[in-house]
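Listed below, chain by chain, are the residues.
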Amino acid sequence: MPLQESASRAVRRILNLLPWLILAAGLALTGLLGTQLRQREIANQQEEFALRLDEISSSLRQRMLVHAQILRGVAGLFGSSEAVTRDEFRRYVAELQLADAYPGIQAIGYAVLVPASDRALHLAHIRAQGFPDYDIQPAGDRDPYSAVIYVEPFDWRNQRALGFDFLTEPVRTAAAARARDQNQAIFSDPVTLKQETDEQVQAGAVLFAPDYRPGLPLETIEQRRAALRGWVYAAIRIRDLVDTYLNHEYPQLSKRLSISIRAPGFGSADTLLYALNPQPKTAPHPLEGERLIDIGGANWTIRISPLPTYLAGEEAGDSSRTFMVSGALLTLMLALLAFLLIRGHLKVATALEDSSRANRALAE
């Protein structure tokens, strides 16, 4: 009889522990499966964000390349003629409708290469076209000069570039030289455009395409340098260009992202070209990423990180959290049900034991 009672007590202890075992096992399994599901969600979220980063950066690159194609068309205008008049150039650029079709392009112009020996003749020629105060800027003796003689639209801001010799500025000179030698449209590194004033200054870039004298060979670098007549160029205000691009292509998404674009500075640290919704410097977000954009010889780095509004929208359907909450509740219900069933079973067993002892006592 004592052996039977000892076995009964052992069974009772096991039954009393069973709800806690169910609770512990259920919560552990729920946590394990929920963690795995959350990891898959994070991986999917990272892949989706990376795809958006690729899409935004590649689309921006394509837009910039379109600008290069436009400039090649302007270069074709000069290449097909011995001399393009100011009125022809004005009408050609007006047909492009820059303000509506290509916002961000501040101006399209033409800069002629002027040997020092022809400087006086050049000044007389341009002044005779109705610009009595025209001069090559900045002043000084050098050989050769370059001089902006056409710039459109010919408004007050763009008129500031008339007569500018960009060969006096290293960044523009480097881009113009690459365009000349490679016979391609080349973007400069970051510059401050001549059109900028003291207010609302933006980072800029200049896109150069070479203009060669018609009929001359262009097979080698030496031949291209000898045939060079000047450059067509496009002055680009980066903020205007990128703002218009994002507002047109990603009007809602761009409000939920922090975007920055940087470019290597000329002999210095990276230059910030553009910033949208800048955030305080903190530890990098797991979704944050960057891409290198090669645009006509210039390298830009675009970095995109999500804002809290982006994360709130993405986590609205968080299935892992729902799974873990549901699993925990179900585990609690199962443990409680087991507790109630075992408790009822033990009460019945106790009653039967008491009845059995009473019967034995009566029998004795």
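Reference entry: report on the structure contained in this document.

What counts as what
Residues numbered from 1 in each chain as written. Predicted model: local features only at pLDDT ≥ 70, side-chain atom pairs only at ≥ 80, totals over all residues. Heavy atoms only, no water. Helix = DSSP H or I, 4+ residues; strand = E, 2+ residues; numbered from the N terminus. Buried < 20%, exposed > 50% of the residue type's maximum accessible area, 1.4 Å probe, protein only. Contact = heavy atoms within 4.5 Å. Areas by Shrake-Rupley, 256 points an atom, 1.4 Å probe, with all protein chains shown as cover. Pairing = 2+ DSSP bridges. Axes fitted to C-alpha atoms, helices over the stretch in contact; angles between N-to-C directions. Salt bridge = Lys/Arg side-chain N within 4 Å of Asp/Glu carboxyl O.

Considering the overall build of the chain
Here's step 1: What the chain contains, in helices and strands, is nine helices and nine strands.
Here's step 2: The buried share of the chain, reckoned over its 364 residues, is 38%.
Here's step 3: Relative to all contacts within the chain whose residues are 6 or more apart in sequence, the contacts with residues 24 or more apart total 68%.
Here's step 4: Total accessible area on the chain stands at roughly 20300 Å², and carbon and sulfur atoms take up 58% of it.

Here's the deal with the sheet that holds strand β9 (residues 298-306)
Here's step 1: Overall, antiparallel pairing links the four strands, which are arranged β7-β6-β9-β8 in an open sheet. Each edge of the open sheet is held by one strand with a lone partner, namely β7 (271-276) and β8 (289-295). With strand direction ignored, the average angle separating the axes of adjacent strands in the sheet is 20°.
Here's step 2: Strand direction decides the pairing type here: β8 and β9, joined by seven bridges, are antiparallel. Within β9, the position partnered with I293 by the bridge is W300.
Here's step 3: Strands β6 (257-263), β7 and β9 of the sheet are contacted by helix α7 (residues 238-249), whose axis makes an angle of about 35° with β7.

Some thoughts on the pattern of salt bridges
Here's step 1: Enumeration according to the criterion identifies 16 salt bridges in this entry.
Here's step 2: A salt bridge links R52 to E48, with the shortest nitrogen-to-oxygen separation between them at 3.1 Å. Here R52 pairs with E48, and both are found in helix α1 (residues 2-79), just four residues apart, close to one helical turn.
Here's step 3: With its nearest N and O atoms 2.6 Å apart, the salt bridge here joins R90 to D87. Note that R90 and D87 are positioned in helix α2 (residues 86-96) at a spacing of three residues, about one turn of the helix.
Here's step 4: R90 gets classed as partly exposed once you look at its relative accessible area, which sits at 38%.
Here's step 5: For D87, a relative accessible area of 36% translates into the label partly exposed.
Here's step 6: Connected through salt bridges with shared partners, the residues D87, R90 and R91 form a single ionic network.

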